[in-house]
Amino acid sequence: MTIFGNERRLFLENESETEHLGRELARVVVASGQGLTVFLEGDLGMGKTTLSRGVMRGLGHEGAVKSPTYTLVEPYEHLRPMAYHFDLYRVGDPEELEYMGIRDYFTGQSLCLIEWPERGKGLLPEADLEIHLEREGEGRSAVLRAGSEQGAALLNQLELIGPDH
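One structure accompanies this document, and this report is about it. All values derive from a computational prediction rather than experimental measurement.

Some points on the layout of surface pockets
Take a probe with the size of a water molecule and roll it over the atoms, and the empty space left behind shows itself.
Link 1 in the chain: Taken as a whole, the largest pocket spans an internal volume of roughly 220 Å³.
Link 2 in the chain: When contributions to the lining of the largest pocket are tallied by element, the ones reaching two or more residues are helix H1 (15–32), helix H2 (48–58) and strand E7 (139–146).

Regarding the packing of aromatic side chains
Link 1 in the chain: Applying the stated rule across the entire model yields four aromatic pairs.
Link 2 in the chain: Geometrically, the ring pair formed by Phe86 and Phe106 is stacked, given 5.7 Å between the ring centres and 10 degrees between the ring planes. In this pair, Phe86 is assigned in strand E4 (residues 83–87) and Phe106 in the loop between helix H3 (95–99) and strand E5 (111–115), connecting sequence segments 20 residues apart.
Link 3 in the chain: For Phe106, a relative accessible area of 18% corresponds to the buried category.
Link 4 in the chain: Aromatic pair Tyr89 and Trp116: ring centres 4.9 Å apart, planes at 55 degrees, arrangement tilted. Taken together, the positions of Tyr89 in the loop between E4 and H3 and Trp116 in the loop between E5 and strand E6 (129–136) put the pair 27 residues apart, joining distant regions of the chain.
Link 5 in the chain: A residue is classified by how much of its surface remains accessible, and Tyr89, at 27% relative accessible area, is partly exposed.

Re the nonpolar core
Link 1 in the chain: Ranked by internal contacts, the top residues of the largest apolar core, which has 31 residues, are Leu25, Val38, Leu111 and Ile131.
Link 2 in the chain: For this core, the secondary-structure elements that each account for two or more residues are strand E1 (7–12), H1, strand E2 (36–41), H2, E5, E6, E7 and helix H4 (149–157).
Link 3 in the chain: If sequence neighbours within four positions are ignored, Val38 has contacts with Leu25, Leu111, Cys112, Leu113, Ile114, Leu129 and Ile131.
Link 4 in the chain: Counting residues in hydrophobic clusters, the runner-up holds 17 residues, among them Tyr84, Phe106, Trp116 and Leu124.

Criteria and cut-off values
Each chain has its residues counted from 1, following the order in which its sequence is written. Reporting in this predicted model follows two pLDDT cut-offs: at least 70 for local features of residues, and 80 or more for side-chain atom pairs to be given and counted; totals over whole chains, interfaces and linings ignore these cut-offs and use all residues. With hydrogens and water excluded, all non-hydrogen atoms of the structure serve as input to the side-chain values. In this analysis, the protein atoms alone were mapped onto a 1 Å grid. Cavities are point sets where a 1.4 Å probe fits without being able to get out; pockets are open sets with protein on both sides within 12 Å along at least five of seven lines; lining residues have an atom within 4 Å of a point. Grid points are joined across faces, edges and corners, and a volume is the space filled by probe spheres set on the points. Put simply, DSSP marks the helices as runs of H or I at least four residues long and the strands as runs of E at least two long, and each gets a number from the N terminus on. Pairing of aromatic rings covers Phe, Tyr and the six-membered ring of Trp, with a centre-to-centre limit of 6.5 Å; geometry is then stacked below 30 degrees between planes, edge-to-face above 60, and tilted otherwise. For every residue, the accessible area (1.4 Å probe, protein chains only) is compared with the maximum for its type, and the residue is labelled buried under 20%, exposed over 50%, or partly exposed between those bounds. We define the nonpolar core as a collection of buried residues of types Ala, Val, Leu, Ile, Met, Phe, Trp, Tyr and Cys that are connected through side-chain atoms lying within 4.5 Å of one another. In this analysis, two residues are considered to be in contact whenever any of their non-hydrogen atoms come within 4.5 Å of each other.

Right, here's the structure in full:
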């Protein structure tokens, strides 16, 4: 589903701005009182985990935020909303996700951040928000695209950052 007109593009000059975007995403999710499914897309090293760290810190997590490359999911159940950070990079077949009970994480009340979502195709729900990161000069470009009415509403509330904002 594409929500017409609900796409934002911005330039993230450095890691700090990428993390700030994550904190801003956390702010609007908390304010909404609802969960959210976010697909994080981009090549290795583009800042998906950095953005995730910003989200978790924005929700109040004070410890380390690591990419769950080998565990597939890092739960942050002490946060409100409960948050789950998935990294599906090492998934060979989407059916592997069925064995871990992946559908149980998507309650509508939890925030789910999914790196490499294409590897879970067919088992993952549709994204409320997709964030695509890619190299642009010394920084990163970020394209944020709403995939649901809820994602569109949150996207419109984000206070975007970067030199143009």
